Amino acid sequence: MAAGPYNYSYIFKYIIIGDMGVGKSCLLHQFTEKKFMADCPHTIGVEFGTRIIEVTGQKIKLQIWDTAGQERFRAVTRSYYRGAAGALMVYDITRRSTYNHLSSWLTDARNLTNPNTVIFLIGNKCDLDAQRDVTYEEAKQFAEENGLMFLECSAKTGENVEDAFLDTAKKIYQNIQDGSLDLNAAESGVQHKPATPRSPISNDQPPSKEGCAC
Amino acid sequence: MADKEQGDVSSQQNNPLSRKLNKILETRLDNDKDMLEALKALSGFFSANNLRSRRNLRSDIEKKSLAINEEFLSAFQAVKEQLDSVYGDVQAMNDCCSDMTNRLKAAKAQTHHLMSQTTKLHAESQTLQMKEQVANAFLEKFQLKSDEIKTLRGPRDGKLHEDFFKVLARVKQIHSDCKVLLRTNQQTAGLEIMEAMALQMESAYERLYRWTQNECRILTSDSPDISPVLCQALEASQDRPVLFKYSLDEYGTARRSAVVRGFIDALTRGGPGGTPRPIELHSHDPLRYSGDMLAWVHQATASEKEYLQTLLRLCEASNASFEELLGHITEGICRPFKVRVEQVLVSEQEAVTLYKLDNLLKFYHHTIGQIVSSDSAILTTIAEVQDLSHRMFFNSLSCHANRLLDKVDLPPADLGPTSSLTQTLQLLRDVLACHDASVVPVDDKKQDYKQILSCVIDPLLQMCSMSASRLNTVDMAAYMINCIYLIQSTLALYQFTDTRLEMLQAQTDAHVDTLTSEQAAYVLNRVGLTLLYNGVQQQAELQAPLSHLQGMDSITVKSAMNKFDSYLASPDSLTLPQCSLLLGTLVRETLKRRSVELICQAYQQMYAAITNPKHEYKDTQAIVPRTPEQVSKLLA
Ligand SMILES: Nc1nc2c(ncn2[C@@H]2O[C@H](COP(=O)(O)OP(=O)(O)OP(=O)(O)O)[C@@H](O)[C@H]2O)c(=O)[nH]1
Ligand SMILES: [Mg+2]
């Protein structure tokens, strides 16, 4: 009974951002369903997915908000950065323009999340190496200059997709262990579900009969 | 010799003496042990070989023999006595044995009864044992063990252990099994056990309820810790719908206040160290402020739904009650949300901002509507404020439109648009553009467009007509064409404007018709053919040939035709100034083409009349040197 998907000690909130068509929804789908969605419609506003993972023996529920990349939704999606513990910033390695827009995405992420939010840069569609338009080295350097974690992934083959989500969680968890992330503060993007039992509630009080017909 | 010897032997044998002697001689004393013994014994007492002793030998021996016999006798006497005693013993034993046999017989006779009694008892005991087994089995099935009862009552700290549910299930099982008993002749037992189990159940459910209620009451943290035991407890509570409902109510109340608190915190406190900033910090930016609140509500609603699904994962709670509970949980934020958004709306004047807000609210109504049911308070609230925003937006648009009609500008000299027209069209563009950037389904968009267009375009056209009312026909037509042209080109960029565009086109066409005939008349007038043309038109009613009428004589007509010819050389020289003020190239060209057509027609009619001998023109070749075809070609 104690097992099952409902037992977890933390909830981490993620947000996925990046230009339209870079494969944000596909990454989420690949991560939650382990499947590639070949013809995925444009996201309208925001969508939401969850999965429970394990990091150093701790069960963690990821609550992932996938945002629309289309410009017209920007005003809506901006409101979802608030309180994200992790931000996955995605570009498409076969489209340079999506890489060039990263700095504007990064500015948004920095301004609209809290200082401890872990930002992870993902170069998606690395299965399309022949059409590559952004080199690994270049993106790696960008990530280092801005203190971001970085991986190239493919939502199609699933390559590195797990790692991107899990490494982000590990980093967040590490921040909690270090004490650099204050769980008690509101909107840290992390919620702790105490695994240790609370002080038990005494049952000795006289039974409250009010409202009870039995 | 042998015969002699034989004869000797037989004669010797016949002689007793000799026989005796022989016998004695043959006696081998060495071998006769008896003899030796006897002699030895004799030598024991025949100590002296004398007469007396020889005479007395016999009696001595006899005496001796007697003594021995006596001794023997006395010895045997002892033996006999002993044998007698043995005999007595054996006799006694025999008596004993027979006595015992008798007694055994008696005993046997007596035990026979006992035996049968034992067998009976044994059988009885077996039956009893069996009964015991049955009884045990019965108890096993129909009674709680003491530790089970203990589990059911629970420890002093009131914690609920998982075993509780097993025992509870057993109590229920027993209770229902009793129905079987009731159908047998064990009805009393059945009733009694049933009653006992009912009591146990009542107290167990009472305990379960109190525990669950307490447990639910404390689930007020941002993210509630919903333990597996709590899920089980709710599953078990389902048998008591009232208790189940109260427990869920308790949960709903706890979550509701948690959500409200979270919302107020997000509004006023923000994240750690103020990042993200509190939502209210952006209250000066209506879109961001409302958008942040709505996104918060969206996320909270999604999370609460997840928690509720976790809580009720073992239960078969109906969809309706699930929705109702979720509605209750999210209901608390309605007021703080509504108050704030309403304030934003009523203090906003800008039609564009209001429209953006309207679209934003519509979008969230749709998005959150996918999570909660349509009759939930939060969705109703969003619908209400969206309705308000809708009304505020159209209110603002109508105000703008009414202002247009309050103060109508005169058309400028170039017959171009007035500033209020350009401003209004800019507003329209802004409004329609923000719909373009919005997130609302197409159906809504169509409906909105219709309403927006009628709210703006109709007063706009009205304004144009009013401002044109003091102009002459030509100026008015040109001015109206220009105004409509601007409206058209604004609308043409957007979807769902086709009907409007068609209507506008019809109005333009009417004005173009006016302008066309004005242009043609202007040309005829300037070359001096108006009189002739009118004459040609009315020739049916005239009695005299045309050339006889005043102003239509050959000479006048000829000079007019000369002027017409120079017009043909540079047709643009006779374009109405208003026509060159037309903004749309297409309209300008249409106008030109159609006025030329009109002029050509006129020429053809005049040509036909002049060349007609009935009208008695002389030297027609000199008057009209060009055929209508040539004129058309030149003007084309
Ligand atoms: N070859 C390849 N194609 C991919 C990959 N990931 C996504 N795609 C394709 O890219 C297209 C866009 O993917 P989406 O996930 O819808 O993109 P998005 O970022 O969610 O787009 P928006 O919702 O509009 O912001 C889809 O047609 C996918 O099939 C990948 O790793 N490899
Ligand atoms: Mg998407």
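Here the structure is a predicted model, which is why all the values come from computation and not from measurement. (Residues numbered from 1 in each chain as written. Chains lettered and ligands numbered in written order. Predicted model: local features only at pLDDT ≥ 70, side-chain atom pairs only at ≥ 80, totals over all residues. Heavy atoms only, no water.)

1. Looking at the overall build of chain B
1) Next: Across its full length, chain B holds 25 helices and zero strands.
2) Next: In terms of C-alpha radius of gyration, chain B reaches 74 Å, well past the compact-globule figure of 26 Å for 636 residues.
3) Next: Summarising its shape, the C-alpha atoms of chain B cover approximately 250 × 85 × 60 Å along the three principal directions.
4) Next: In chain B, which comprises 636 residues, the proportion classed as buried is 40%. (Helix = DSSP H or I, 4+ residues; strand = E, 2+ residues; numbered from the N terminus. Rg over C-alpha atoms; globule rule 2.2 N^0.38 Å. Buried < 20%, exposed > 50% of the residue type's maximum accessible area, 1.4 Å probe, protein only.)

2. Considerations on the environment of Arg-74 of chain A
Residues and elements named next belong to chain A.
1) Next: Among the secondary structure elements, Arg-74 is positioned in helix α2 (residues 74-77).
2) Next: For the pair Arg-74 and Gly-45, spaced 29 residues apart in sequence, the C-alpha separation works out to 8.5 Å.
3) Next: When near neighbours in sequence (up to four residues on either side) are disregarded, Arg-74 contacts Ser-104, Trp-105 and Asp-108. (Contact = heavy atoms within 4.5 Å.)

3. Comments concerning the pattern of salt bridges
1) Next: This model, assessed by the stated rule, comprises 37 salt bridges over all chains.
2) Next: For Lys-34 of chain A, the salt bridge is made with Glu-162 of chain A, and the minimal N-O distance between the two is 4.0 Å. Of this pair, Lys-34 of chain A sits in the loop between α1 (24-33) and β2 (46-55) while Glu-162 of chain A sits in helix α6 (residues 161-178), and the two are 128 residues apart along the sequence.
3) Next: The exposed category is assigned to Lys-34 of chain A, whose relative accessible area is 53%.
4) Next: As a salt-bridge pair, Asp-239 of chain B and Lys-172 of chain B come within 2.3 Å of each other at their nearest N and O atoms. Of this pair, Asp-239 of chain B sits in the loop between α9 (228-237) and α10 (241-268) while Lys-172 of chain B sits in helix α7 (residues 162-183), and the two are 67 residues apart along the sequence.
5) Next: Accessibility expressed as a relative area gives 38% for Asp-239 of chain B, which makes it partly exposed.
6) Next: Look at the salt bridges and you will find they share partners, linking Lys-34, Arg-51 and Glu-162 of chain A into a network. (Salt bridge = Lys/Arg side-chain N within 4 Å of Asp/Glu carboxyl O.)

4. Quick look at the packing of aromatic side chains
1) Next: Enumeration over the complete set of coordinates arrives at 22 aromatic pairs over all chains.
2) Next: Each ring, one from Tyr-10 of chain A and one from Phe-12 of chain A, has its centre 6.1 Å from the other, and the planes form 50°; the classification is tilted. Summarising the burial analysis for this pair, Tyr-10 of chain A and Phe-12 of chain A share the class buried.
3) Next: Through a chain of ring-to-ring contacts, the aromatic side chains of Phe-564, Tyr-567, Tyr-603 and Tyr-607 of chain B assemble into a single cluster.
4) Next: Over the aromatic face of Phe-31 of chain A sits the side chain of Arg-51 of chain A, whose NZ or CZ is 4.2 Å from the ring centroid.
5) Next: Geometry around Trp-105 of chain A places Arg-74 of chain A over its ring, the cationic atom sitting 3.8 Å from the centre. (Phe/Tyr/Trp six-rings, centres within 6.5 Å; stacked < 30°, edge-to-face > 60°. Lys NZ or Arg CZ within 6 Å of the ring centre and 35° of its normal.)

5. Examining the nonpolar core
1) Next: Core analysis: the biggest nonpolar cluster contains 153 residues, and Tyr-251 and Ile-452 of chain B have the highest contact counts within it.
2) Next: Once residues lying within four places of it in the same chain are set aside, the contact partners of Tyr-251 of chain B are Cys-216, Leu-219, Pro-224, Ile-226, Glu-304, Tyr-307, Leu-308, Leu-311, Leu-325 and Ile-329 of chain B.
3) Next: Among the nonpolar cores identified, the runner-up in size contains 33 residues, and Leu-28, Ile-60, Val-118 and Ile-172 of chain A belong to it. (Core = buried A, V, L, I, M, F, W, Y, C linked by side-chain atoms within 4.5 Å.)

6. Thoughts on the coordination of the magnesium ion (ligand 2)
Residues and elements named next belong to chain A.
1) Next: Around the magnesium ion (ligand 2), the protein contributes the donor atoms Ser-25 (OG) and Thr-43 (OG1), at 1.9 Å from the metal centre. Taken together, the positions of Ser-25 in helix α1 and Thr-43 in the loop between α1 and β2 put the pair 18 residues apart, joining distant regions of the chain.
2) Next: Looking at Thr-43, the relative accessible area reads 8%, which means it is buried. (Donors = N, O, S within 2.8 Å, 3.2 Å for Na, K, Ca; no water.)

7. Here's the deal with the site of ligand 1
Residues and elements named next belong to chain A.
1) Next: Neighbouring ligand 1 are 23 residues; Lys-24, Ala-38, His-42, Thr-43 and Gly-69 lie closest to it.
2) Next: Taking Val-22, its main chain carries an N or O atom lying 3.4 Å from an oxygen atom of ligand 1.
3) Next: The side chain of Lys-24 places a nitrogen or oxygen atom 2.7 Å from an oxygen atom of ligand 1.
4) Next: Relative to its free-state accessible area of 650 Å², ligand 1 is covered by the protein chains to the extent of 88%. (Near = heavy atom within 4 Å. Polar contact = N/O pair within 3.5 Å; in protein donor to acceptor, adjacent residues only side chain to side chain. Areas by Shrake-Rupley, 256 points an atom, 1.4 Å probe, with all protein chains shown as cover.)

8. Focus: the side chain of Lys-362 of chain B
1) Next: Topologically, Lys-362 of chain B is positioned in helix α14 (residues 351-369).
2) Next: Those residues in contact with Lys-362 of chain B that lie beyond four places of it in its chain are Gln-386, His-390, Val-440, Asp-444 and Asp-448 of chain B.

9. Quick notes on the UniProt feature "domain: Conserved oligomeric complex COG6 N-terminal" (unreviewed entry) in chain B
1) Next: Feature annotation in UniProt assigns "domain: Conserved oligomeric complex COG6 N-terminal" (unreviewed entry) to the following positions: residues 42-153 of chain B.
2) Next: Here residues 42-153 of chain B runs as 92% helix and 0% strand, with 119 Å between its end C-alpha atoms. (UniProt positions renumbered as here; feature names shortened; annotations may be inferred.)

10. So, the domain arrangement of chain B
1) Next: What the domain assignment lists for chain B is domain 1 (62-106), domain 2 (147-215), domain 3 (218-397) and domain 4 (515-635).
2) Next: Inter-centroid distance (C-alpha atoms) of domain 3 of chain B to domain 4 of chain B is 78 Å. (Domains from an automatic or database assignment.)

11. Let's talk about the pairing of strand β3 (residues 58-67) of chain A
Successive side chains on a regular strand alternate, one facing one side of the sheet and the next facing the other.
Residue and element names in this part refer to chain A.
1) Next: Of all ten residues that make up β3, eight are buried, and the element is covered over most of its length.
2) Next: Inspection of the sheet shows strand β1 (residues 10-17) paired to β3 by seven bridges, in the parallel sense. Its bridge partner lying in β3, Ile-15 is registered against Trp-65.
3) Next: Pairing geometry for β2 and β3, over ten bridges, is antiparallel. When the bridges of β3 are listed, Thr-50 appears paired with Gln-63. (Pairing = 2+ DSSP bridges.)

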